[in-house]
Amino acid sequence: MESVFEEIAGFIKEQYPGKKFIPLHAPVFNGNERKYVMDTLDSTFVSSVGAYVDRFEQMMCDITGARYAIAIVNGTNALHLALLLAGVERNDEVISQSLTFIATCNAISYIGAKPVFVDIDKDTLGLSPAALEQFLNENATIGSDGFAYNNKTKRRIKACVPMHTFGFPCRIDEIAAICTKWNIDLIEDAAESIGSYYKGKHTGIFGKIGTFSFNGNKVVTSGGGGALVTNDEKLAKHAKHLSTQAKIAHPWAFMHDEVGYNYRMPNLNAALACAQLEQLPAFVDNKRALAQLYKSKFEALNMNFHTELPDTRANYWLNVLMLDSKEQQQQFLAYMNSNGVMSRPVWELMHRLPMFENEERACLTNSEWVADRLVNIPSSVRYE
Ligand SMILES: Cc1ncc(COP(=O)(O)O)c(C=O)c1O
């Protein structure tokens, strides 16, 4: 395989000319970033109140089609808040994927709730509606209070958090229908899928709440940042309230009516986010063009490059190559990372981590298959 790996490394380097080391995903700041960030310094409004926070929230509504968007300090905290707003409580169960970034499960754990791991579809890399339905049919019953309960653990199944892995939308409409049938709140972890659409609708708006991340490694970044979107006015108001220490608005008095959080995104970060979001369509087009080049190359090499489903438009945040075996995956990673091309496997599956190894889970054959074969390859926006 070494000669094929050499050819792939050469091809990737050609896409990023003049670079000695090709990172997985580096941010690009070629728009109004400097201007907007300097505005916040000049105005002294660098913290949690400011015009860019409002502008960012409006841009998120415009982009996603959600009625409300709330700027949050990062994607993990946005998820935590979303779960709280959905009424998830200690010892509730929250169905999610084992193949996800740790933040999904950490947010569930902050509340003292328990993640339950259900398998993914190989073609979307996201939660499988068929596996979700099977899990619920075999393991859950609707109680007299109208909520779903796990027959074995007797815990309430309050929410479901699918994730749009690497920007590839999962079968979110089917998942939404199952959640509605079982009275389970749907919260989309859309951290990786800004600019990704499922059947013409932006990801993150199919359930009660959707959350996004604007961490430095994402398609667009605010340095650190997140957002929560919803169509529910009451939830949106509560989200803003909880994210600002639950302070009752007053010109000088400090009055708080519940335990709140300091989860607001600072204006400084929102300024960066606004400048980046202005470039989102161009960034996604640029990334999709790179994915096309990869697709042709890997087709010619008879290798399995991961592509979007017909009814979806993926942002191709991180490009995915599926190798033939774990052994080949390890060889690929060793070759690329020692030859100036960053590559990495998917996150360790959640059910294999010490904190979650005893949590409930369904059969995870697809997750394990993918974890043994997947590698991410460089995916940054290319610019002259
Ligand atoms: C799937 C997923 N969920 C949540 C997060 C958390 O976002 P943040 O890093 O902004 O806290 C990330 C990314 O970092 C992610 O990839």
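Values in this document were obtained by computation on a predicted structure and should not be read as measured data.

Peer 1: Quick one: what's the story with the site of the ligand, residue by residue and with numbers?
Peer 2: Lining the immediate surroundings of the ligand are 14 residues, of which Gly 75, Thr 76, Ala 103, Ala 191 and Ser 213 lie closest. Where the shell around the ligand is concerned, the elements lending two or more residues are α4 (75-85) and α5 (102-110). The class makeup of the residues in the shell around the ligand is four nonpolar, eight polar and two charged.

Peer 1: Residue-level account of the domain arrangement of the protein chain, with values.
Peer 2: Interface size is commonly expressed as the accessible surface area that is lost when the partners come together. What the domain assignment lists for the protein chain is domain 1 (2-23 + 280-377) and domain 2 (33-278). Using C-alpha coordinates to define each centre, domain 1 is positioned 25 Å away from domain 2. Contacts between domain 1 and domain 2 engage 32 residues on the former and 41 residues on the latter. Elements with a minimum of two residues in the side of domain 1 that touches domain 2: α10 (280-300), β13 (312-313) and α12 (365-371). Top contributing element to the side of domain 1 that touches domain 2 by residue count: α12, with six residues. Of the residues that constitute the side of domain 1 that touches domain 2, the class distribution is 20 nonpolar, six polar and six charged.

Peer 1: An account of the nonpolar core is needed here, citing residue identities and associated values.
Peer 2: The nonpolar side chains of a soluble globular protein tend to be buried with one another. One finds Ile 72, Ala 82, Leu 83, Ala 227, Leu 228 and Cys 274 to be the most contacted residues of the largest nonpolar core, which totals 113 residues. Sort the elements by how many residues they give to this core and helix α9 (residues 267-278) lands first, with eight residues. Two domains each provide a minimum of three residues to this core, namely domain 1 (2-23 + 280-377) and domain 2 (33-278). Setting aside residues no more than four positions away along its own chain, Ile 72 makes contact with Asn 77, Ala 78, Leu 81, Gly 226, Ala 227, Leu 228, Ser 243, Tyr 263 and Met 265.

Peer 1: Pulling in residues and values, what's your account of the sheet that holds strand β15 (residues 374-377)?
Peer 2: Overall, antiparallel pairing links the three strands, which are arranged β12-β14-β15 in an open sheet. Looking at which strands have only one partner, the edges of the open sheet turn out to be β12 (304-305) and β15. Pairing between strand β14 (residues 319-322) and β15: four bridges, direction antiparallel. Each residue of the ladder has a partner; that of Asn 319, found in β15, is Ile 377.

Peer 1: Before we move on, could you go through the environment of Ala 176 and cite the residues and values that matter?
Peer 2: Residue position: Ala 176 is located in helix α7 (residues 172-181). Residue Ala 176 is classed as partly exposed on the basis of its 18 C-beta neighbours within 10 Å. Ala 176 sits 10 residues away from Leu 186 along the chain, and the two C-alpha atoms are 6.6 Å apart. Setting aside residues up to four positions removed in sequence, Ala 176 forms contacts with Leu 186, Phe 206 and Gly 207.

Peer 1: So what's going on with the sheet that holds strand β9 (residues 201-202)? Which residues, and what values?
Peer 2: With antiparallel pairing, three strands are arranged side by side in an open sheet as β9-β8-β13. Since the sheet does not close on itself, it has two edges, and those belong to β9 and β13, each with one partner.

Peer 1: Help me get a handle on the pairing of strand β3 (residues 114-118), residues and values and all.
Peer 2: Counting buried residues in β3 gives five out of five residues, a clear majority hidden from the surface. Alternating residues of β3 divide into Lys 114, Val 116 and Val 118 and Pro 115 and Phe 117, and every residue in both groups is buried. Inspection of the sheet shows strand β2 (residues 93-97) paired to β3 by five bridges, in the parallel sense. Following the sheet pairing, Gln 97 is matched in β3 by Val 118.

Peer 1: Kindly report on α9, identifying the contributing residues and their values.
Peer 2: An ideal rise of 1.5 Å per residue puts 16 Å on 12 residues; α9 measures up with 16 Å between its terminal C-alpha atoms. Extensive coverage of α9 is indicated by the burial of 11 of its 12 residues. Along α9, the residues that are buried comprise Asn 267, Leu 268, Asn 269, Ala 270, Ala 271, Leu 272, Ala 273, Cys 274, Ala 275, Gln 276 and Leu 277. The elements touched by buried residues of α9 are α2 (33-43), α3 (51-64), β1 (68-72) and α10.

Peer 1: I'd love a proper account of the packing of helix α6 (residues 129-139) against α7, names of residues and values included.
Peer 2: The interhelical angle for the contact between α6 and α7, taken along N-to-C directions, is 15°, at an axis separation of 9 Å. With respect to α7, the element α6 is oriented roughly parallel. Where α6 crosses over α7, the two elements pack in a sense that is left-handed. Taken together, the residues of α7 that come into contact with α6 (itself represented by Pro 129, Leu 132, Glu 133 and Leu 136) are Glu 174, Ile 175 and Ile 178. Partitioned by chemical class, the residues of the contact of α6 with α7 number five nonpolar, no polar and two charged.

Peer 1: So what's going on with the packing of α2 against α9? Which residues, and what values?
Peer 2: Two elements in contact, α2 and α9, have axes whose closest approach is 8 Å; the angle formed by their N-to-C orientations is 155°. Between α2 and α9, the angle is such that the two are roughly antiparallel. The two elements α2 and α9 meet at a crossing, and its hand is right-handed. Of the residues in α9, those in contact with Glu 33, Tyr 36, Val 37, Asp 39 and Thr 40 of α2 are Asn 267, Leu 268, Ala 271, Leu 272, Cys 274, Ala 275 and Gln 276. Taken together, the residues that form the contact of α2 with α9 break down as seven nonpolar, three polar and two charged.

Peer 1: Which residues make up the pairing of strand β10 (residues 209-213), and what are the values?
Peer 2: Counting buried positions over the five residues of β10 gives five, a clear majority of the element. Of the two faces of β10, both are covered, the one formed by Ile 209, Thr 211 and Ser 213 as well as the one formed by Gly 210 and Phe 212. As judged from the three bridges shared by strand β7 (residues 185-189) and β10, these two strands associate in the parallel manner. Among the inter-strand pairings, Glu 188 is bridged to a residue of β10, identified as Gly 210. Here β10 runs beside strand β11 (residues 226-230); their pairing, made up of four bridges, is antiparallel. Looking at the pairing, Ser 213 lines up with Gly 226 of β11.

Conventions we followed
Each chain carries its own residue numbering, running from 1 in the written order of its sequence. Whole-chain, interface and lining totals are the exception, using all residues; otherwise, since this is a predicted model, local features are given only for residues with pLDDT of at least 70 and side-chain atom pairs are given and counted only at 80 or more. Each residue gets a C-beta atom placed from its backbone. If that atom is within 6 Å of a molecule or strand, the residue is near it. Secondary structure follows DSSP: runs of H or I at least 4 residues long count as helices, runs of E at least 2 residues long count as strands, and numbering of each begins at the N terminus. For this classification, Asp, Glu, Lys and Arg are treated as charged, while Ala, Val, Leu, Ile, Met, Phe, Trp, Tyr, Cys and Pro are nonpolar and the rest, including Gly, are polar. Where each domain starts and ends comes from a domain assignment, either automatic or drawn from a database. The contact rule is simple: place each C-beta atom from the backbone, and if two of them lie within 7 Å, those residues are in contact. Any set of buried Ala, Val, Leu, Ile, Met, Phe, Trp, Tyr and Cys residues joined through C-beta atoms within 7 Å is what this text calls a nonpolar core. Buried, partly exposed and exposed are defined by the number of other C-beta atoms within 10 Å of a residue's own C-beta, namely 20 or more, between the two limits, and 12 or fewer respectively, with C-beta atoms placed from the backbone. A pair of strands counts as paired when DSSP detects no fewer than two bridges linking them. Given the number of residues in a helix, its expected span is that number minus one, multiplied by 1.5 Å. A fitted line through C-alpha atoms represents every axis, and for helices the fit uses only the stretch in contact; the resulting angles, taken between N-to-C directions, go from 0 to 180 degrees. Relative orientations are named as follows: roughly parallel for angles under 35 degrees, roughly antiparallel for angles over 145 degrees, roughly perpendicular for angles from 65 to 115 degrees, and oblique for any other angle. A crossing counts as left-handed when the near helix is turned anticlockwise from the far one by less than a right angle, and as right-handed when that turn is clockwise.

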